[in-house]
There are 2 protein chains.
Amino acid sequence: MASFFPASFEELIDSFASLPGIGRKSAQRLAFHILSLPLEDAEKFAQSVLKARRNVHTCPVCQNLTDRELCPVCSSAGRDKTVICVVSEPRDVVSIERSREYRGLYHVLHGALSPMNHIGPDDLRIRELLQRVADGGVEEVIMATNPDTEGDATAMYISRLLQPFGVKVTRLGFGVPVGSNLEYADDATMLKALEGRREM
Amino acid sequence: MASFFPASFEELIDSFASLPGIGRKSAQRLAFHILSLPLEDAEKFAQSVLKARRNVHTCPVCQNLTDRELCPVCSSAGRDKTVICVVSEPRDVVSIERSREYRGLYHVLHGALSPMNHIGPDDLRIRELLQRVADGGVEEVIMATNPDTEGDATAMYISRLLQPFGVKVTRLGFGVPVGSNLEYADDATMLKALEGRREM
């Protein structure tokens, strides 16, 4: 069926509709919103997309997102470099930092093992973690992957790989409701989970 | 509270969160999606925003959105130039074109009278409509504003302004469910509404 919107407007609708969780009708409303913006604001929006995509990369140490050479946590003098907290996603770092309890470093895996979705060890930043532990100075690794099947399997898998290094490996403790998603944990739950961590 | 995402990533989240109907969590997911895109695709997304905002303007005749000098309907030789269908929004033109019944021209008001929201006659493209009718050649004006309070009031207001010109003024007919929104009318309903239009 022919469209009756201008081509560049249709393309904008297509762009929005290609984003996850945005349907055709929502995409149309967003596109109309863009047209209604002052040119300056539309340009600012487009620039923020380009700037984020171009500047943001992963920290070469902890693999978290950053727009500097090293991320703020890795480059901070005040963090305890003997502890590494392993999480699946950058947003999990935000959840843990919010508890203001944790002073160690992080390691972001960028996913969790999932045979169903063909995500194996080589798809995660596991090798980089092993290298950090092999380099020495690490005394404890806290596995803070999500408390679900995939997160548990990932934690088990990595803890076995870490055994030869003789570091203490713990799992994020009681408090995080099972089957949930770390991203939605409230501050108090996250605090309890950190306090109640246990050796695995 | 301090953020732990890079600044340009936070800015991208802010950009998405500034769009209507997109909350903070959704904005974060969209921003992560942008980072996961190949650079080329992220650039294409940003370009589509700029291109649409820069190229799309309103047709000087019917006020519909277009990226050409005149919109395709106004510049088409095959349309009946004696009939003008008056709608609130560009998306309503799409709904009516979809019925494949209507062969006349359009006039897009870009809104409806709404004293509650401080939208008066001067905020709509009413003057441009009166000018078109004054220029002659128009025999019928179909008021196809939404069948709700504001749409009805707008139709009534404009029909009174058109009286001195002696053109036939009709209202989009039975078929469109009262209290609904034209945008969501199905093709069959829109067809019935066009067939059943009555003089007002």
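Residues numbered from 1 in each chain as written. Chains lettered and ligands numbered in written order. Predicted model: local features only at pLDDT ≥ 70, side-chain atom pairs only at ≥ 80, totals over all residues. Heavy atoms only, no water.

**Regarding the relation of the copies chain A and chain B**
Move 1: Rotating chain A by 180° and moving it 0.0 Å along the rotation axis overlays it on chain B with an RMSD of 0.0 Å. Accordingly, the operation relating the two chain copies is best matched by a two-fold axis. By C-alpha distance to the rotation axis, the residue of chain A lying nearest is A:Ala46, at 2.2 Å.
Move 2: Of all interface residues in chain A, 100% are interface residues in chain B too; the two copies therefore contact each other through one and the same surface. (Least-squares fit on C-alpha atoms with pLDDT ≥ 70 in both. Contact = heavy atoms within 4.5 Å.)

**Structural notes on the pairing of strand β6 (residues 168-171) of chain B**
Move 1: Where strand β5 (residues 140-143) of chain B lies against β6(B), 4 bridges are found, and the strand directions are parallel. Counterpart to B:Ile142 in the pairing with β6(B) is B:Thr170. (Pairing = 2+ DSSP bridges. Helix = DSSP H or I, 4+ residues; strand = E, 2+ residues; numbered from the N terminus.)

**Details of the packing of helix α3 (residues 39-55) of chain A against helix α3 (residues 39-55) of chain B**
Move 1: α3(B) packs onto α3(A) with a crossing angle of 175° between their chain directions and a minimal axis gap of 9 Å. Classed by the angle they form, the pair α3(A) and α3(B) counts as roughly antiparallel. Along the contact surface, α3(A) presents A:Leu39, A:Ala42, A:Glu43, A:Phe45, A:Ala46, A:Val49, A:Leu50, A:Arg53 and A:Arg54, while α3(B) presents B:Leu39, B:Ala42, B:Glu43, B:Phe45, B:Ala46, B:Val49, B:Leu50, B:Arg53 and B:Arg54.
Move 2: Class assignment for the residues of the contact of α3(A) with α3(B) results in 12 nonpolar, no polar and 6 charged. (Axes fitted to C-alpha atoms, helices over the stretch in contact; angles between N-to-C directions. Parallel < 35°, antiparallel > 145°, perpendicular 65-115°, else oblique. Nonpolar A, V, L, I, M, F, W, Y, C, P; charged D, E, K, R; others polar.)

**Some words on the interface of chain A and chain B**
The figure often quoted for interface size is the accessible area lost as the parts come together.
Move 1: With 50 residues of chain A at the contact, the number on the chain B side is 50 residues.
Move 2: For the pair chain A and chain B, the summed buried area comes to about 5100 Å², and 68% of that belongs to carbon and sulfur atoms.
Move 3: In this assembly, chain A and chain B are joined by 4 salt bridges.
Move 4: The interface formed by chain A and chain B holds 10 residue pairs in polar contact (both at pLDDT 80 or more) in total.
Move 5: Only α1 (7-17), α2 (24-36), α3, β2 (65-66) and α5 (90-98) of chain A provide two or more residues apiece to the side of chain A that touches chain B.
Move 6: In terms of residues, the side of chain A that touches chain B owes the most to one element, α3(A), which gives 13 residues. (Buried area = accessible area lost by both parts, 1.4 Å probe. Salt bridge = Lys/Arg side-chain N within 4 Å of Asp/Glu carboxyl O. Polar contact = N/O pair within 3.5 Å; in protein donor to acceptor, adjacent residues only side chain to side chain.)

**Looking at the confidence of the model for chain A**
Move 1: Scored by pLDDT, chain A has a mean of 89; 94% of the residues are at 70 or more.
Move 2: Reported confidences for the modelled complex are a pTM of 0.72 and an ipTM of 0.73. (pLDDT = per-residue confidence, 0-100.)

**So, the state of the cysteines**
Residue and element names in this part refer to chain A.
Move 1: Taken as a whole, this structure holds 0 disulfides over all chains when the rule is applied.
Move 2: Not part of a disulfide, Cys62 finds its nearest cysteine sulfur in Cys71, a span of 3.5 Å.
Move 3: For Cys62, a relative accessible area of 1% gives the class buried.
Move 4: For Cys71, a relative accessible area of 2% corresponds to the buried category. (Disulfide = S-S within 2.5 Å. Buried < 20%, exposed > 50% of the residue type's maximum accessible area, 1.4 Å probe, protein only.)

**Notes on the nonpolar core**
Move 1: Counting 46 residues, the largest nonpolar core has A:Phe16 and B:Phe16 as its most contacted members.
Move 2: Of all the secondary structure elements, the ones that give two or more residues to this core are α1, α2 and α3 of chain A together with α1 (7-17), α2 (24-36) and α3 of chain B.
Move 3: With residues up to four places along the chain from it excluded, the contact list for B:Phe16 reads A:Leu19, A:Phe45, B:Ile22, B:Ala27, B:Leu30, B:Ala31, B:Ile34 and B:Phe45. (Core = buried A, V, L, I, M, F, W, Y, C linked by side-chain atoms within 4.5 Å.)

**Some points on helix α5 (residues 90-98) of chain B**
All names here are of chain B.
Move 1: Counting buried residues in α5 gives 9 out of 9 residues, a clear majority hidden from the surface.
Move 2: Burial in α5 covers these residues: Pro90, Arg91, Asp92, Val93, Val94, Ser95, Ile96, Glu97 and Arg98.
Move 3: Remark: Arg100 follows α5 within two positions and exhibits a positive phi of approximately 55°.

**With respect to the domain arrangement of chain A**
Move 1: Assigned domains of chain A: these are domain 1 (7-55) and domain 2 (65-199).
Move 2: Each of domain 1 of chain A and domain 2 of chain A has a C-alpha centre, and the two are 34 Å apart. (Domains from an automatic or database assignment.)

**As for the layout of surface pockets**
Move 1: Here the largest pocket defines a volume of roughly 610 Å³.
Move 2: As for the largest pocket, its lining consists of 26 residues, and the residues nearest its centre are A:Pro20, B:Arg29, B:Leu30, B:Phe32 and B:His33.
Move 3: With 7 residues, the top contributor of residues to the lining of the largest pocket is α2(B).
Move 4: Its residues placed into classes, the lining of the largest pocket shows 12 nonpolar, 9 polar and 5 charged.
Move 5: By volume, the second largest pocket amounts to about 360 Å³.
Move 6: Along its surface, the second largest pocket is lined by 16 residues, and A:Phe32, A:Leu35, A:Ser36, B:Leu65 and B:His110 are the ones closest to its centre.
Move 7: Contributing elements (two or more residues each) for the lining of the second largest pocket: α2 of chain A together with β1 (57-58) and α5 of chain B.
Move 8: Ranked by residue count, the leading element in the lining of the second largest pocket is α2(A), at 5 residues.
Move 9: When grouped by side-chain class, the residues that make up the lining of the second largest pocket number 5 nonpolar, 6 polar and 5 charged. (1 Å grid on protein atoms, 1.4 Å probe; cavity = no way out; pocket = protein on both sides within 12 Å on 5 of 7 lines; lining within 4 Å. Points joined across faces, edges and corners; volume = space filled by probe spheres on them.)

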